[in-house]
Amino acid sequence: MHGDLAGQRFPVGDSPVTFGRGEDNDIVISDPAVSRVHAELRQEADGFVVADRGSANGTRVNGVLITGAERLRPGDEIEIAHHRFTFEAIDAGAVTVAANTKRITEAVKSEPVLRVTVSGGGPVGLAFALILADLMGPKVAIRIYNGRWKRDGRKVVWKGHDEGNVRRMQVVTIQSRQFLKMPQEMQDCLFTPGNYTEMWPSGPDSVNNVGPRNIRIAYIEDQLLELANKKRGQIELIPEPYDAESAASETVKQHVLAICEGSRSRTFSYYKPKFGAADFSLYGLDGEQLSDMVLGLRVKSLLPDPMAVLLTVSQNRFLLNSLNGEGFLNMRLTDQEANEAVGINPIKQTFSGCIQSEPCLLELGPRGDFMCGTHHTLFLPALLRGSAFWSRVQEGLALFGVPPENLTAVTGFQLNMVQRPRFSVRLYPPTATTPGTFGFLLGDAANAIHFWPGRGLNSGLASAISLARCLARPRRGTTLREADFTRHEAVMSMLQYRHKSRAWLQMVTADEDGNFRAIKDIIAQGITEGDEGHFDPEADLEELLLRVTQIRDRLASRIDGLPDDATLRTHLESLAAPLLHTLVASGPWDTVNVGGEEVEIDWLLEDPQPTQPPAPPKLAATPAR
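Going by what an unreviewed UniProt entry lists, the protein chain is known as FHA domain-containing protein and is assigned to Trebonia kvetii.

This is the structure in structure tokens:
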């Protein structure tokens, strides 16, 4: 960047690279202030470090004198005397090395490397990084921060349960509209035999006759992290949380900060004012934001998938999403039940809302209780086995063919939505020494969506694909501008409208006059009527049976193995009459209104051709004399 070698580019590989005045160095700096062997850059673990070799005048990284081996990140500046170097992405074909010496005899100038920081290495953050790396090749250097990782030799892996990391074992449904846009390498690593199923029928979000696929979140995280470990030349994995405040001096050197954590993350909170105030009233009733609480029950169902699908879409109280029967049975709670869904510390005799606010996973213990390993609380409703709340949990297990012993953990989710005004913003302006940093909201930070219709991760993946394509498009100049993200903002706004409108219709229902009412309140009324005996058991059975058979007939062409009338009747007759009344009252999924046209990223951002690393130049043979 500065000095006699300014403009030249040097390769970094498995062998150490030495700086110094001596002719036998890899990078020869002809300067009396530089020692004969001044410094060394070498690979350690999954990254690179620079170390001073006992020079007289020292070595600096980003202006700070180093005393040992200093870990390097793309964009870091190395200073040796008055010579400055920038550490960037590896591009093995960018230089030509003479056969008889280590000195660089020719340097090929290349386009500036786009420096990208990702806060949050979950499915969306990892997917965004991998897609961007595939599209831009050596023209991008990405670093990803995640506090749930640790180093294991040269690799970065997920921390274990004993290290305080509770893995997300929920099963999610990914639509083919999203996963078919991923690089083939990503598709191949995710969808391996035995690790996904096609539980749900194809629909408007299915393309090329490929249906949605169920897959466990933890498996997605494992596979994408493993793939990212293989991209060391482009992706740096940093096993620590991203601290926006302390990292501000580094963030200003980046072109992009992608916030891929939840809306409650510290990174989002730090930059939240820059994205503008969200509207909390749009998804609300009577001027108040509407919120649902869902109890997540980790189960193993004995019912076949086709029966589970019918039972799920025929009512709004319970939702089972599973992988070969294993997954979470989600129970929409009434406000009274939500207040009762708390933990209790048996020693201090104090209550805890950790299952709601964290949310924590309370696992089945040897004495039959459900305990939070972090807060050492027990799930109170499970202790009160004779309570009405726990009885209704047992009814849900019976509905989906789950033996009591196959319930192994409980957790909770607080669900609400807001309307965001924008998803990209300039965080820091460009200066003479910094490029100007843009921030982006992706995943739940952008559009936290009620998961009942199963579009949360799909919205996150779509946002990651959109931003990656937008950044990979040719731009005018080297500085990013607001105008460069017009199409991405349009995609994000369409995704927000489409997915949140769909989710809203899973939170409320309209009466004959068109007035909205919260589904959880209708469920509460059904429970009260059941407790007081104000219902007709025979009429409820016949109504629910009719509803289920009608749904079955609509899905018959898209799902194989659907149960016949006799099987359905036998199963429903085995359930408690108050449960049947609550299910009838809750109503079926609003599949008509939530169906229809889907957001297609290709409308605005076509799929660019991935950038392939250039082939190393061939050395001309020297004729013999």
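1. Considerations on the overall build of the protein chain
When helices and strands are tallied, the protein chain shows 19 helices and 34 strands. For the protein chain, the spread of C-alpha atoms along the principal axes amounts to about 100 × 55 × 50 Å. Across the 625 residues that make up the protein chain, the buried fraction comes to 54%. For the protein chain, restricting intrachain contacts to residue pairs at least 6 apart in sequence, the fraction spanning at least 24 positions comes to 72%. Working note: accessible area of the protein chain is about 27,700 Å², and carbon and sulfur atoms make up 50% of it.

2. Focus on unusual backbone geometry
Residues other than glycine seldom take positive phi values, yet D286 does so here, at roughly 55°. Following the sequence through the fold, D286 ends up in the loop between β20 (284-285) and β21 (288-289). Backbone geometry at H376 places phi at a positive 55°, although glycine is not the residue there. Relative to the helices and strands, H376 resides in the loop between β28 (370-372) and β29 (377-379). For H376, a relative accessible area of 46% corresponds to the partly exposed category.

3. A word on the packing of helix α1 (residues 123-136) against helix α13 (residues 456-472)
In contact at an axis separation of 9 Å, α1 and α13 are set at 30° when each is read in the N-to-C sense. Relative to α13, the element α1 lies roughly parallel. In the crossing of α1 with α13, the sense of the turn from one axis to the other is right-handed. The segment α1 lies against α13, with P123, V124, A127, F128, I131, L132, L135 and M136 engaging L457, G460, L461, A464, I465, L467, A468, R469, L471 and A472.

4. Quick notes on the environment of A464
Structurally, A464 can be placed in helix α13. Taking the C-alpha atoms as reference points, A464 and V299, 165 residues apart in sequence, are found 31 Å from one another.

5. Considerations on the environment of G7
Examined against the element boundaries, G7 turns out to sit in the segment before β1 (17-20). Here the alpha-carbon distance between G7 and A468, two residues 461 residues apart in the chain, equals 28 Å.

6. Brief notes about the nonpolar core
A general tendency of soluble globular proteins is for nonpolar side chains to be buried together. Residues F128 and I142 are the most contacted members of the largest nonpolar core, which totals 80 residues. Among the elements that line this core, the one with the most residues is α1, at 11 residues. Those residues within four positions of I142 in sequence are excluded, and the remaining contacts are V116, V118, A129, L132, A133, Q234, I235 and E236. Core analysis: the second largest hydrophobic core is formed by 57 residues, W200, W390, W452 and L580 among them.

7. A few points about the sheet that holds strand β13 (residues 140-145)
One open sheet accounts for six strands, arranged β18-β13-β12-β19-β32-β31; its pairing is mixed. The sheet terminates laterally at β18 (235-238) and β31 (424-428), the two strands that pair on one side only. Taking each pair of neighbouring strands and ignoring which way they run, the sheet shows an average axis angle of 20°.

8. Details of the packing of α1 against helix α4 (residues 217-229)
At a minimum axis separation of 9 Å, α1 and α4 run at an interaxial angle of 30°. Crossing of α1 over α4 shows left-handed handedness. From α1, P123, L126, A127 and L130 reach across to α4, where they touch I217, I220, E221, L224, L225, L227 and A228. Looking at the contact of α1 with α4 residue by residue, the classes come out as 10 nonpolar, no polar and one charged.

9. Concerning empty space enclosed by the protein
Throughout the structure, instances matching the rule amount to two cavities of 30 Å³ or more. In this model, the second largest cavity occupies a volume close to 30 Å³. Residue lining of the second largest cavity: F268, K272, F275, G276, R420, P421, R422 and L441, and that is the complete set. When grouped by side-chain class, the residues that make up the lining of the second largest cavity number four nonpolar, one polar and three charged.

10. Things to note about the side chain of S352
As for its position among the elements, S352 is in strand β26 (residues 350-352). In this structure S352 comes out as buried when scored by relative accessible area, which is 18%. Engagement of the side chain of S352 in a polar contact is seen with the backbone nitrogen of C354, the distance being 3.1 Å.

11. Remarks on the confidence of the model for the protein chain
Parts of the model with low pLDDT should not have their predicted coordinates read in detail. Considering every residue of the protein chain, the mean pLDDT works out to 88; 93% of them sit at 70 or more. Below a pLDDT of 50 lies the segment residues 90-110, which in the model reaches 40 contacts outside its immediate sequence neighbourhood of four places, other chains included. The model gives residues 612-625 a pLDDT under 50, and that stretch makes 10 contacts with residues more than four places away or in other chains.

12. A few points about the packing of aromatic side chains
Throughout the structure, instances matching the rule amount to 16 aromatic pairs. Judged by centre distance (6.4 Å) and plane angle (65°), the ring pair of F379 and W390 falls under edge-to-face. Placement of F379 in strand β29 and of W390 in helix α11 (residues 388-399) is noted, with a sequence separation of 11 residues between them. For the pair F379 and W390, one class covers both residues: buried. Three or more aromatic residues joined by ring pairs form one cluster here, namely F179, F191 and Y196. Over the face of the ring belonging to F191 we find R213, whose NZ or CZ atom lies 4.8 Å from the ring centre. The ring of W452 has R332 lying over it, and the distance from NZ or CZ to the ring centre is 4.4 Å.

13. Regarding α4
In a regular helix each residue adds 1.5 Å, so 13 residues correspond to 18 Å; α4 covers 18 Å between its end C-alpha atoms and thus fits that length. Counting buried residues in α4 gives 10 out of 13 residues, a clear majority hidden from the surface. Among the residues of α4, those classed as buried are I217, A218, Y219, I220, E221, L224, L225, L227, A228 and N229.

14. A word on the sheet that holds β29
One key point about sheets: their strands pair by backbone hydrogen bonds, in either a parallel or an antiparallel sense. Strand order in the open sheet made by the nine strands is β23-β24-β22-β30-β27-β28-β29-β25-β26, with antiparallel pairing throughout. Sheet topology places β23 (318-323) and β26 at the edges, where each strand pairs with a single neighbour. If you compare each strand with its neighbour and ignore which way they point, the axes differ by 30° on average. Direction of pairing for strand β27 (residues 362-364) relative to strand β30 (residues 407-415): antiparallel, over a ladder of two bridges.

15. Describing the pattern of salt bridges
Applying the stated criterion across every chain, the model contains 39 salt bridges. Here E600 and K181 are joined by a salt bridge, their closest N and O atoms 2.8 Å apart. Separated by 419 residues along the polypeptide, E600 in the segment after α19 (591-594) and K181 in the loop between α2 (176-179) and α3 (184-190) bring together distant segments of the chain. Pair check on accessibility: E600 and K181 agree, each one buried. Among the charged side chains, a salt-bridge network with shared partners connects R148, R167, R168, E221 and D222.

The rules behind these values
- Residues numbered from 1 in each chain as written.
- Predicted model: local features only at pLDDT ≥ 70, side-chain atom pairs only at ≥ 80, totals over all residues.
- Heavy atoms only, no water.
- Helix = DSSP H or I, 4+ residues; strand = E, 2+ residues; numbered from the N terminus.
- Buried < 20%, exposed > 50% of the residue type's maximum accessible area, 1.4 Å probe, protein only.
- Contact = heavy atoms within 4.5 Å.
- Areas by Shrake-Rupley, 256 points an atom, 1.4 Å probe, with all protein chains shown as cover.
- Axes fitted to C-alpha atoms, helices over the stretch in contact; angles between N-to-C directions.
- Parallel < 35°, antiparallel > 145°, perpendicular 65-115°, else oblique.
- Left-handed = near helix turned anticlockwise from the far one by under 90°.
- Core = buried A, V, L, I, M, F, W, Y, C linked by side-chain atoms within 4.5 Å.
- Pairing = 2+ DSSP bridges.
- Nonpolar A, V, L, I, M, F, W, Y, C, P; charged D, E, K, R; others polar.
- 1 Å grid on protein atoms, 1.4 Å probe; cavity = no way out; pocket = protein on both sides within 12 Å on 5 of 7 lines; lining within 4 Å.
- Points joined across faces, edges and corners; volume = space filled by probe spheres on them.
- Polar contact = N/O pair within 3.5 Å; in protein donor to acceptor, adjacent residues only side chain to side chain.
- pLDDT = per-residue confidence, 0-100.
- Phe/Tyr/Trp six-rings, centres within 6.5 Å; stacked < 30°, edge-to-face > 60°.
- Lys NZ or Arg CZ within 6 Å of the ring centre and 35° of its normal.
- Expected span 1.5 Å × (residues − 1).
- Salt bridge = Lys/Arg side-chain N within 4 Å of Asp/Glu carboxyl O.

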